[in-house]
Amino acid sequence: MKNKKLTIIQESVLAQIPLGIGSNVQSKEIAERTGLSKRDVMAVISTLIIDHNIPIGAGRSEGRYGYFRITNENERIEAIVPLKNTVITMQQRIDRLEKMKI
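Here goes a summary of the coordinates provided. Residue positions are given per chain, counting from 1 as you read along its sequence in written order. In keeping with the predicted nature of the model, local features appear solely for residues at pLDDT of at least 70, side-chain atom pairs appear and are counted solely at 80 or more, and the whole-chain, interface and lining totals rest on all residues. Side-chain measures were taken over the full set of non-hydrogen atoms in the model, leaving aside hydrogen atoms and water.

### So, a nonpolar patch on the surface
Taken together, Leu97, Met100 and Ile102 make up a surface patch of nonpolar side chains, about 410 Å² in accessible area. Relative to the helices and strands, Leu97 resides in helix H4 (residues 73-99). Candidates for patches are residues over 30% relative accessible area with no salt bridge; among them, like charges are joined within 9 Å and nonpolar side chains (Val, Leu, Ile, Met, Phe, Trp, Tyr) within 5 Å. In these tables, accessible area is a Shrake-Rupley quantity obtained with a 1.4 Å probe, and a residue counts as shielded only by the protein chains included in the view. Salt bridges, as used here, are contacts in which a Lys or Arg side-chain nitrogen is within 4 Å of a carboxyl oxygen on Asp or Glu. A run of H or I in DSSP becomes a helix once it reaches four residues, and a run of E becomes a strand once it reaches two; helices and strands are each numbered from the N terminus.

This is the structure we're talking about:
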């Protein structure tokens, strides 16, 4: 729901995230600039994506680590693929733990 007004903290975090891939910013940098913890920065970014429908991606490949605002379809794909891979790995861990004899 994009009509919700952003809080001052959300606006502050969003202002730190550059448009497009190329000048990605890491959560540590955002935390230093805003005075938030890295965990809080990640929570705010999740809220911006989920509650405010703001397209924010995260680079996870060499030279592209950090957050960026998605501006085109290629950037969207680059942001989604590593997330899907993480979900697959997490599900494999869950499946394995559920089947383990203790």
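### With respect to unusual backbone geometry
Residues other than glycine seldom take positive phi values, yet Asn53 does so here, at roughly 60°. Secondary-structure assignment places Asn53 in the loop between helix H3 (38-50) and strand E1 (56-59).

### Digging into the pattern of salt bridges
The full count for this structure, using the stated rule, is two salt bridges. Between Glu29 and Arg33 there is a salt bridge whose closest N-O contact spans 3.5 Å. Taken as a pair, Glu29 and Arg33 lie in helix H2 (residues 27-34) at a separation of four residues, close to a single helical turn. The closest approach of N and O atoms between Glu73 and Arg76, which form a salt bridge, is 2.9 Å. With Glu73 and Arg76 both in helix H4 and three residues apart, the pair spans about one turn of that helix. Accessible area is worked out with a 1.4 Å probe on protein chains only. A residue is then buried under 20% of its type maximum, exposed over 50%, and partly exposed in between. Accessibility expressed as a relative area gives 44% for Glu73, which makes it partly exposed.

### Thoughts on the packing of helix H1 (residues 8-15) against H3
The N-to-C vectors of H1 and H3 enclose an angle of 95°; their axes lie 10 Å apart at closest approach. Between H1 and H3, the angle is such that the two are roughly perpendicular. Residues Ile9, Gln10, Val13 and Leu14 of H1 form the contact with H3, whose own contacting residues are Val44, Ile45, Thr47 and Leu48. The residue classification treats Ala, Val, Leu, Ile, Met, Phe, Trp, Tyr, Cys and Pro as nonpolar and Asp, Glu, Lys and Arg as charged. All others, Gly included, are polar. Considered class by class, the residues forming the contact of H1 with H3 number six nonpolar, two polar and no charged. Angles shown run from 0 to 180 degrees and are taken between the N-to-C directions of axes, each axis being a line fitted to C-alpha atoms and, for helices, limited to the stretch in contact. We call two directions roughly parallel when the angle between them is under 35 degrees, roughly antiparallel when it is over 145, roughly perpendicular when it lies between 65 and 115, and oblique otherwise. Here a residue-residue contact requires only that any non-hydrogen atoms of the pair lie within 4.5 Å.

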